[in-house]
Amino acid sequence: MSTIILGIESSCDDTSASIIKNSTILSNVVAGQSVHEDYGGVVPELASRAHQQNIIPVVHKALKDAGVKADEVDAVAFTRGPGLMGSLLVGASFAKGFALARRIPLIEVDHLQAHVLAHFIQEPDSLKAVPSFPFLCLLVSGGNSQIILVKSHLEMEIIGQTIDDAAGEAFDKCAKVMGLPYPGGPLVDKYAQEGNADAFQFSKPRIADYNYSFSGLKTSFLYFLRDQMKVDLDFIQNNTADLCASLQRTIVEILMEKLMKASKETGIREVALAGGVSANSGLRSALAAMVEKRGWKTYIPKLSYTTDNAAMIAITGYYKFLKGEFAGQDAVPYARGK
Ligand code: KG4
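Now for a description of the structure that goes with this document. Fair warning: this is a prediction, and the values are worked out from it, not measured in the lab. (Residues numbered from 1 in each chain as written. Predicted model: local features only at pLDDT ≥ 70, side-chain atom pairs only at ≥ 80, totals over all residues. Heavy atoms only, no water.)

**Describing the overall build of the protein chain**
Turning to step 1, where the next piece is worked out: Broken down by element type, the protein chain carries nine helices and ten strands.
Turning to step 2, where the next piece is worked out: In terms of overall dimensions, the protein chain is globule-like: its C-alpha atoms have a radius of gyration of 21 Å, near the 20 Å expected for 338 residues.
Turning to step 3, where the next piece is worked out: If one aligns the C-alpha atoms of the protein chain with their principal axes, the spans along those axes are about 70 × 45 × 35 Å.
Turning to step 4, where the next piece is worked out: Relative to its full complement of 338 residues, the protein chain shows a buried share of 52%.
Turning to step 5, where the next piece is worked out: Look at the contacts in the protein chain between residues 6 or more apart in sequence, and 72% of them connect residues 24 or more apart.
Turning to step 6, where the next piece is worked out: Of the roughly 15,300 Å² of accessible surface on the protein chain, a fraction of 52% belongs to carbon and sulfur atoms. (Helix = DSSP H or I, 4+ residues; strand = E, 2+ residues; numbered from the N terminus. Rg over C-alpha atoms; globule rule 2.2 N^0.38 Å. Buried < 20%, exposed > 50% of the residue type's maximum accessible area, 1.4 Å probe, protein only. Contact = heavy atoms within 4.5 Å. Areas by Shrake-Rupley, 256 points an atom, 1.4 Å probe, with all protein chains shown as cover.)

**Description of helix H5 (residues 185-192)**
Given 3.6 residues per helical turn, the α-helix brings residues three or four places apart onto the same face.
Turning to step 1, where the next piece is worked out: Taken as a whole, H5 has its buried residues at Gly185, Val188, Asp189 and Ala192. For H5, the buried positions fall inside an angular range of 100° around the axis, keeping them on one side.
Turning to step 2, where the next piece is worked out: Buried residues in H5 make contact with helix H4 (167-177), helix H7 (235-266) and helix H8 (281-294). (Arc of directions from axis to C-beta.)

**Digging into the nonpolar core**
Turning to step 1, where the next piece is worked out: Leu138, Ile147, Met178, Leu243, Ile251, Leu255 and Leu283 are the most contacted members of the largest nonpolar core, which totals 45 residues.
Turning to step 2, where the next piece is worked out: Contributions of two or more residues to this core are made by strand E6 (135-140), strand E7 (145-150), H4, H5, helix H6 (215-231), H7, strand E9 (270-274) and H8.
Turning to step 3, where the next piece is worked out: Not counting residues up to four positions away in its chain, the partners in contact with Leu255 are Leu138, Val140, Ala167, Tyr212, Phe214 and Leu283.
Turning to step 4, where the next piece is worked out: Membership of the second largest hydrophobic core comes to 31 residues, among which are Ile107, Ala118, Cys137 and Tyr319. (Core = buried A, V, L, I, M, F, W, Y, C linked by side-chain atoms within 4.5 Å.)

**Brief notes about the pattern of salt bridges**
Turning to step 1, where the next piece is worked out: Tallying each qualifying case throughout the model produces 14 salt bridges.
Turning to step 2, where the next piece is worked out: Of the charged contacts, one joins Lys204 and Glu257 as a salt bridge, the two residues approaching to 2.9 Å between their closest N and O atoms. Of this pair, Lys204 sits in the loop between H5 and H6 while Glu257 sits in helix H7, and the two are 53 residues apart along the sequence.
Turning to step 3, where the next piece is worked out: Measuring nitrogen to oxygen at the nearest pair gives 3.3 Å for the salt bridge that ties Glu265 to Lys261. Here Glu265 pairs with Lys261, and both are found in helix H7, just four residues apart, close to one helical turn.
Turning to step 4, where the next piece is worked out: Residue class for Glu265 comes out exposed when judged on its relative accessible area of 51%.
Turning to step 5, where the next piece is worked out: Taken together, the shared-partner salt bridges connect Asp198, Lys204, Arg249, Glu253 and Glu257 into one network. (Salt bridge = Lys/Arg side-chain N within 4 Å of Asp/Glu carboxyl O.)

**As for the site of the ligand**
Turning to step 1, where the next piece is worked out: The environment of the ligand is formed by 17 residues, the closest being Gly142, Asp172, Asp189, Gly276 and Asn280.
Turning to step 2, where the next piece is worked out: Between the ligand and Ser141 there is a distance of 3.2 Å, counted from an oxygen atom to a side-chain nitrogen or oxygen.
Turning to step 3, where the next piece is worked out: At 2.8 Å, a side-chain N or O of Asp189 approaches a nitrogen atom of the ligand.
Turning to step 4, where the next piece is worked out: For the shell around the ligand, the secondary-structure elements that each account for two or more residues are H4 and H5.
Turning to step 5, where the next piece is worked out: Class assignment of the residues belonging to the shell around the ligand gives a composition of five nonpolar, ten polar and two charged. (Near = heavy atom within 4 Å. Polar contact = N/O pair within 3.5 Å; in protein donor to acceptor, adjacent residues only side chain to side chain. Nonpolar A, V, L, I, M, F, W, Y, C, P; charged D, E, K, R; others polar.)

Spelled out as C-alpha coordinates, the structure:
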(Lines give C-alpha, C1' and ligand atoms only; values in the text may rest on other atoms or scores of the structure.)
Protein backbone atom coordinates (compact mmCIF):
# COMPACT_ATOMS: atom_id res chain seq x y z
CA MET A 1 0.00 0.00 0.00
CA SER A 2 1.33 3.45 -0.73
CA THR A 3 0.87 6.46 1.48
CA ILE A 4 0.84 10.03 0.21
CA ILE A 5 1.83 12.75 2.67
CA LEU A 6 1.67 16.53 2.20
CA GLY A 7 4.43 18.24 4.21
CA ILE A 8 4.30 21.92 5.20
CA GLU A 9 7.31 23.90 6.49
CA SER A 10 7.08 27.52 7.64
CA SER A 11 9.39 27.79 10.66
CA CYS A 12 11.49 30.75 9.51
CA ASP A 13 11.59 32.61 6.20
CA ASP A 14 10.94 29.85 3.64
CA THR A 15 7.43 28.69 2.80
CA SER A 16 7.65 25.13 1.57
CA ALA A 17 5.31 22.29 0.61
CA SER A 18 6.20 18.78 -0.48
CA ILE A 19 4.47 15.61 -1.57
CA ILE A 20 5.99 12.29 -0.68
CA LYS A 21 4.78 8.80 -1.65
CA ASN A 22 6.10 6.43 1.02
CA SER A 23 9.73 7.60 1.21
CA THR A 24 9.94 8.77 -2.40
CA ILE A 25 9.77 12.47 -3.05
CA LEU A 26 7.35 13.61 -5.75
CA SER A 27 7.70 17.38 -5.30
CA ASN A 28 9.37 19.94 -3.05
CA VAL A 29 8.47 23.59 -3.59
CA VAL A 30 10.25 26.34 -1.65
CA ALA A 31 9.35 30.05 -1.80
CA GLY A 32 12.02 32.25 -0.24
CA GLN A 33 11.34 35.77 1.06
CA SER A 34 13.31 38.67 -0.40
CA VAL A 35 11.50 41.15 1.88
CA HIS A 36 14.19 40.73 4.60
CA GLU A 37 17.16 41.70 2.41
CA ASP A 38 17.21 45.34 3.50
CA TYR A 39 17.30 44.43 7.21
CA GLY A 40 20.36 42.17 7.55
CA GLY A 41 18.27 39.38 9.10
CA VAL A 42 14.78 37.91 9.24
CA VAL A 43 12.04 40.26 10.47
CA PRO A 44 9.45 37.99 12.17
CA GLU A 45 6.38 40.13 11.36
CA LEU A 46 7.28 40.36 7.68
CA ALA A 47 8.06 36.62 7.54
CA SER A 48 4.65 35.75 8.92
CA ARG A 49 2.88 37.99 6.41
CA ALA A 50 4.88 36.58 3.49
CA HIS A 51 4.00 33.01 4.60
CA GLN A 52 0.32 33.96 4.44
CA GLN A 53 0.75 35.16 0.86
CA ASN A 54 2.83 32.16 -0.22
CA ILE A 55 1.23 29.17 1.45
CA ILE A 56 -1.69 28.50 -0.91
CA PRO A 57 0.24 28.95 -4.20
CA VAL A 58 3.11 26.84 -2.81
CA VAL A 59 0.81 23.95 -1.84
CA HIS A 60 -0.97 24.16 -5.23
CA LYS A 61 2.37 23.94 -7.02
CA ALA A 62 3.55 21.01 -4.87
CA LEU A 63 0.37 19.06 -5.72
CA LYS A 64 0.62 19.97 -9.42
CA ASP A 65 4.34 19.09 -9.69
CA ALA A 66 3.67 15.74 -8.02
CA GLY A 67 0.66 14.99 -10.23
CA VAL A 68 -1.38 14.37 -7.08
CA LYS A 69 -4.93 15.60 -6.40
CA ALA A 70 -5.82 17.06 -3.00
CA ASP A 71 -8.22 14.17 -2.33
CA GLU A 72 -5.42 11.62 -2.84
CA VAL A 73 -3.43 12.96 0.15
CA ASP A 74 -3.56 10.52 3.10
CA ALA A 75 -2.24 12.84 5.82
CA VAL A 76 -0.81 16.34 6.28
CA ALA A 77 2.37 16.93 8.30
CA PHE A 78 3.48 20.36 9.50
CA THR A 79 6.41 21.86 11.41
CA ARG A 80 5.22 22.45 14.97
CA GLY A 81 8.52 23.96 16.12
CA PRO A 82 11.04 25.23 16.94
CA GLY A 83 10.94 28.45 14.94
CA LEU A 84 9.36 31.89 14.77
CA MET A 85 5.92 31.75 16.40
CA GLY A 86 4.19 33.95 13.81
CA SER A 87 5.65 31.90 10.97
CA LEU A 88 4.86 28.51 12.54
CA LEU A 89 1.25 29.59 13.11
CA VAL A 90 0.67 30.08 9.38
CA GLY A 91 1.81 26.56 8.44
CA ALA A 92 0.07 24.97 11.44
CA SER A 93 -3.23 26.74 10.71
CA PHE A 94 -3.11 25.81 7.04
CA ALA A 95 -2.35 22.15 7.86
CA LYS A 96 -5.16 21.99 10.42
CA GLY A 97 -7.65 23.47 7.95
CA PHE A 98 -6.54 21.05 5.22
CA ALA A 99 -6.80 18.02 7.53
CA LEU A 100 -10.21 19.09 8.78
CA ALA A 101 -11.61 19.80 5.32
CA ARG A 102 -10.33 16.52 3.85
CA ARG A 103 -10.98 14.48 7.02
CA ILE A 104 -7.44 13.11 7.07
CA PRO A 105 -4.94 12.77 9.94
CA LEU A 106 -2.82 15.70 11.05
CA ILE A 107 0.83 15.03 11.99
CA GLU A 108 3.05 17.41 13.97
CA VAL A 109 6.77 17.38 13.20
CA ASP A 110 9.77 18.64 15.12
CA HIS A 111 11.96 20.65 12.73
CA LEU A 112 15.24 19.26 14.11
CA GLN A 113 14.11 15.65 13.97
CA ALA A 114 13.10 16.33 10.36
CA HIS A 115 16.62 17.60 9.52
CA VAL A 116 17.96 14.20 10.65
CA LEU A 117 15.33 12.19 8.76
CA ALA A 118 16.10 14.09 5.52
CA HIS A 119 18.69 11.32 5.04
CA PHE A 120 15.87 8.87 4.30
CA ILE A 121 14.33 10.79 1.38
CA GLN A 122 14.57 8.78 -1.83
CA GLU A 123 14.47 10.24 -5.36
CA PRO A 124 12.05 8.62 -7.85
CA ASP A 125 14.75 7.46 -10.27
CA SER A 126 17.47 6.09 -7.97
CA LEU A 127 17.74 4.31 -4.66
CA LYS A 128 20.42 5.71 -2.37
CA ALA A 129 22.11 4.21 0.67
CA VAL A 130 20.66 5.40 3.98
CA PRO A 131 22.31 5.34 7.42
CA SER A 132 21.74 2.23 9.49
CA PHE A 133 20.81 2.46 13.17
CA PRO A 134 22.26 3.51 15.48
CA PHE A 135 24.05 6.43 13.87
CA LEU A 136 25.41 9.79 14.97
CA CYS A 137 24.14 12.94 13.30
CA LEU A 138 25.92 16.28 13.55
CA LEU A 139 23.15 18.82 13.11
CA VAL A 140 24.66 22.21 12.37
CA SER A 141 22.56 25.18 11.31
CA GLY A 142 22.04 28.87 11.97
CA GLY A 143 20.20 28.06 15.18
CA ASN A 144 21.59 24.70 16.36
CA SER A 145 24.74 22.67 16.85
CA GLN A 146 23.94 19.24 18.20
CA ILE A 147 25.28 15.72 18.19
CA ILE A 148 22.30 13.39 18.03
CA LEU A 149 22.35 9.67 18.72
CA VAL A 150 19.74 8.28 16.32
CA LYS A 151 18.40 4.93 17.53
CA SER A 152 15.51 4.56 15.08
CA HIS A 153 13.47 6.82 12.80
CA LEU A 154 11.59 8.26 15.74
CA GLU A 155 13.93 7.64 18.69
CA MET A 156 16.67 10.23 19.00
CA GLU A 157 18.80 11.43 21.90
CA ILE A 158 20.68 14.74 21.90
CA ILE A 159 24.02 13.79 23.46
CA GLY A 160 25.75 17.13 22.94
CA GLN A 161 24.80 20.68 22.03
CA THR A 162 25.99 24.25 22.04
CA ILE A 163 25.83 26.12 25.30
CA ASP A 164 25.74 29.49 23.50
CA ASP A 165 26.00 30.32 19.76
CA ALA A 166 25.40 27.80 16.97
CA ALA A 167 28.11 26.97 14.39
CA GLY A 168 26.19 28.85 11.68
CA GLU A 169 25.95 31.87 13.98
CA ALA A 170 29.73 31.73 14.51
CA PHE A 171 30.23 31.85 10.73
CA ASP A 172 27.64 34.61 10.28
CA LYS A 173 28.76 36.80 13.21
CA CYS A 174 32.47 36.62 12.32
CA ALA A 175 31.57 37.34 8.68
CA LYS A 176 29.62 40.40 9.84
CA VAL A 177 32.68 41.66 11.77
CA MET A 178 34.59 41.44 8.47
CA GLY A 179 31.87 43.52 6.78
CA LEU A 180 30.43 40.60 4.76
CA PRO A 181 26.66 40.57 4.11
CA TYR A 182 24.22 38.22 5.92
CA PRO A 183 24.28 35.24 5.91
CA GLY A 184 28.08 35.25 5.81
CA GLY A 185 28.64 31.47 6.14
CA PRO A 186 28.62 30.68 2.41
CA LEU A 187 30.91 33.68 1.71
CA VAL A 188 33.44 32.62 4.36
CA ASP A 189 33.45 29.20 2.67
CA LYS A 190 33.98 30.81 -0.74
CA TYR A 191 36.89 33.07 0.32
CA ALA A 192 38.42 30.26 2.40
CA GLN A 193 39.11 28.29 -0.80
CA GLU A 194 41.78 30.84 -1.75
CA GLY A 195 43.31 31.31 1.70
CA ASN A 196 45.90 29.75 4.01
CA ALA A 197 44.03 27.94 6.80
CA ASP A 198 47.07 28.12 9.11
CA ALA A 199 47.70 31.85 8.65
CA PHE A 200 46.05 32.79 11.96
CA GLN A 201 45.32 30.95 15.20
CA PHE A 202 42.13 31.52 17.19
CA SER A 203 41.37 30.08 20.60
CA LYS A 204 39.26 26.97 20.89
CA PRO A 205 36.89 26.37 23.81
CA ARG A 206 37.37 23.78 26.53
CA ILE A 207 33.90 22.45 27.17
CA ALA A 208 32.95 19.20 28.88
CA ASP A 209 31.34 16.14 27.28
CA TYR A 210 30.05 16.45 23.72
CA ASN A 211 28.93 20.05 24.11
CA TYR A 212 29.96 23.04 22.02
CA SER A 213 30.63 26.72 22.60
CA PHE A 214 31.23 29.30 19.89
CA SER A 215 30.82 32.66 21.61
CA GLY A 216 34.48 32.75 22.77
CA LEU A 217 35.72 32.26 19.22
CA LYS A 218 33.58 35.17 18.02
CA THR A 219 35.06 37.42 20.74
CA SER A 220 38.64 36.32 20.10
CA PHE A 221 38.13 36.92 16.36
CA LEU A 222 36.74 40.40 17.04
CA TYR A 223 39.63 41.38 19.38
CA PHE A 224 42.21 39.98 16.98
CA LEU A 225 40.84 42.13 14.13
CA ARG A 226 40.61 45.19 16.38
CA ASP A 227 44.30 44.82 17.40
CA GLN A 228 45.49 44.22 13.84
CA MET A 229 43.56 47.20 12.51
CA LYS A 230 45.38 49.50 14.95
CA VAL A 231 48.48 48.74 12.88
CA ASP A 232 46.92 48.31 9.43
CA LEU A 233 43.53 49.93 8.77
CA ASP A 234 43.06 47.73 5.69
CA PHE A 235 43.96 44.51 7.53
CA ILE A 236 40.64 42.82 6.73
CA GLN A 237 40.68 43.74 3.02
CA ASN A 238 44.32 42.64 2.73
CA ASN A 239 43.75 39.28 4.47
CA THR A 240 40.15 38.28 3.73
CA ALA A 241 40.97 34.86 2.25
CA ASP A 242 43.44 33.90 5.03
CA LEU A 243 41.04 35.12 7.73
CA CYS A 244 38.16 33.10 6.25
CA ALA A 245 40.30 29.99 5.79
CA SER A 246 41.67 30.16 9.36
CA LEU A 247 38.24 30.84 10.83
CA GLN A 248 36.69 27.97 8.88
CA ARG A 249 39.46 25.57 9.93
CA THR A 250 38.91 26.51 13.59
CA ILE A 251 35.12 26.03 13.45
CA VAL A 252 35.47 22.72 11.61
CA GLU A 253 38.09 21.50 14.11
CA ILE A 254 35.82 22.38 17.03
CA LEU A 255 32.91 20.49 15.41
CA MET A 256 34.99 17.46 14.43
CA GLU A 257 36.80 17.03 17.77
CA LYS A 258 33.53 16.40 19.64
CA LEU A 259 32.12 14.27 16.85
CA MET A 260 35.25 12.07 16.92
CA LYS A 261 35.03 11.82 20.70
CA ALA A 262 31.37 10.76 20.46
CA SER A 263 32.14 8.19 17.79
CA LYS A 264 35.05 6.76 19.78
CA GLU A 265 33.15 6.53 23.05
CA THR A 266 29.91 5.12 21.61
CA GLY A 267 31.68 2.86 19.11
CA ILE A 268 29.37 4.17 16.34
CA ARG A 269 30.99 4.77 12.98
CA GLU A 270 27.90 5.57 10.91
CA VAL A 271 28.00 9.37 10.88
CA ALA A 272 25.69 11.84 9.15
CA LEU A 273 25.61 15.61 8.68
CA ALA A 274 22.47 17.74 8.69
CA GLY A 275 21.47 21.42 8.64
CA GLY A 276 22.58 24.44 6.61
CA VAL A 277 26.24 24.38 7.71
CA SER A 278 26.64 20.88 6.24
CA ALA A 279 27.02 22.73 2.92
CA ASN A 280 30.43 23.91 4.17
CA SER A 281 33.24 22.50 2.02
CA GLY A 282 35.73 22.35 4.92
CA LEU A 283 33.31 20.33 7.05
CA ARG A 284 32.47 18.04 4.15
CA SER A 285 36.10 17.23 3.47
CA ALA A 286 36.89 16.78 7.18
CA LEU A 287 34.07 14.23 7.36
CA ALA A 288 35.17 12.53 4.14
CA ALA A 289 38.70 12.18 5.57
CA MET A 290 37.31 10.10 8.44
CA VAL A 291 36.28 7.35 6.02
CA GLU A 292 39.97 6.60 5.40
CA LYS A 293 41.27 7.56 8.84
CA ARG A 294 38.75 5.86 11.12
CA GLY A 295 36.63 3.64 8.89
CA TRP A 296 33.53 5.83 9.21
CA LYS A 297 30.59 5.41 6.88
CA THR A 298 29.43 8.95 6.21
CA TYR A 299 26.23 10.48 4.90
CA ILE A 300 25.88 14.01 3.57
CA PRO A 301 22.41 15.09 2.45
CA LYS A 302 21.58 16.68 -0.89
CA LEU A 303 22.03 20.45 -0.61
CA SER A 304 18.32 21.19 -1.13
CA TYR A 305 17.47 19.01 1.89
CA THR A 306 19.97 20.71 4.23
CA THR A 307 18.25 24.09 4.20
CA ASP A 308 14.65 24.54 5.31
CA ASN A 309 12.40 22.38 3.14
CA ALA A 310 9.10 20.54 3.42
CA ALA A 311 10.43 17.25 1.98
CA MET A 312 12.03 16.51 5.35
CA ILE A 313 8.74 17.33 7.10
CA ALA A 314 6.88 14.99 4.74
CA ILE A 315 9.32 12.08 5.29
CA THR A 316 9.07 12.52 9.07
CA GLY A 317 5.28 12.61 8.65
CA TYR A 318 5.48 9.32 6.77
CA TYR A 319 7.31 7.54 9.60
CA LYS A 320 4.88 8.97 12.16
CA PHE A 321 1.95 7.90 9.95
CA LEU A 322 3.26 4.31 9.98
CA LYS A 323 3.28 4.44 13.80
CA GLY A 324 -0.13 6.09 14.00
CA GLU A 325 1.34 9.14 15.77
CA PHE A 326 -1.26 11.79 14.97
CA ALA A 327 -1.86 15.27 16.38
CA GLY A 328 -5.09 16.89 17.48
CA GLN A 329 -6.48 20.21 16.25
CA ASP A 330 -5.28 21.65 19.57
CA ALA A 331 -1.55 21.17 18.72
CA VAL A 332 0.05 24.54 19.46
CA PRO A 333 3.36 25.56 17.81
CA TYR A 334 6.42 25.90 20.05
CA ALA A 335 9.08 28.53 19.42
CA ARG A 336 11.96 26.89 21.32
CA GLY A 337 13.28 23.31 21.26
CA LYS A 338 11.32 20.70 23.22
O1 KG4 B 1 19.70 25.17 8.43
P2 KG4 B 1 19.74 26.58 7.92
O3 KG4 B 1 19.36 26.80 6.50
O4 KG4 B 1 18.77 27.47 8.72
C5 KG4 B 1 18.83 28.03 9.96
O6 KG4 B 1 19.15 27.36 10.97
O7 KG4 B 1 18.46 29.23 10.00
O8 KG4 B 1 21.22 27.12 8.18
C9 KG4 B 1 21.63 28.39 7.78
C10 KG4 B 1 23.03 28.58 8.27
C11 KG4 B 1 23.50 30.03 8.21
O12 KG4 B 1 24.13 30.33 9.42
C13 KG4 B 1 24.50 30.01 7.05
O14 KG4 B 1 25.50 30.97 7.15
C15 KG4 B 1 25.05 28.62 7.18
O16 KG4 B 1 23.94 27.81 7.49
N17 KG4 B 1 25.70 28.16 5.94
C18 KG4 B 1 27.02 27.95 5.82
C19 KG4 B 1 27.25 27.53 4.48
N20 KG4 B 1 26.05 27.50 3.84
C21 KG4 B 1 25.10 27.88 4.75
N22 KG4 B 1 28.03 28.09 6.71
C23 KG4 B 1 29.25 27.80 6.30
N24 KG4 B 1 29.55 27.40 5.03
C25 KG4 B 1 28.59 27.25 4.10
N26 KG4 B 1 28.90 26.83 2.88
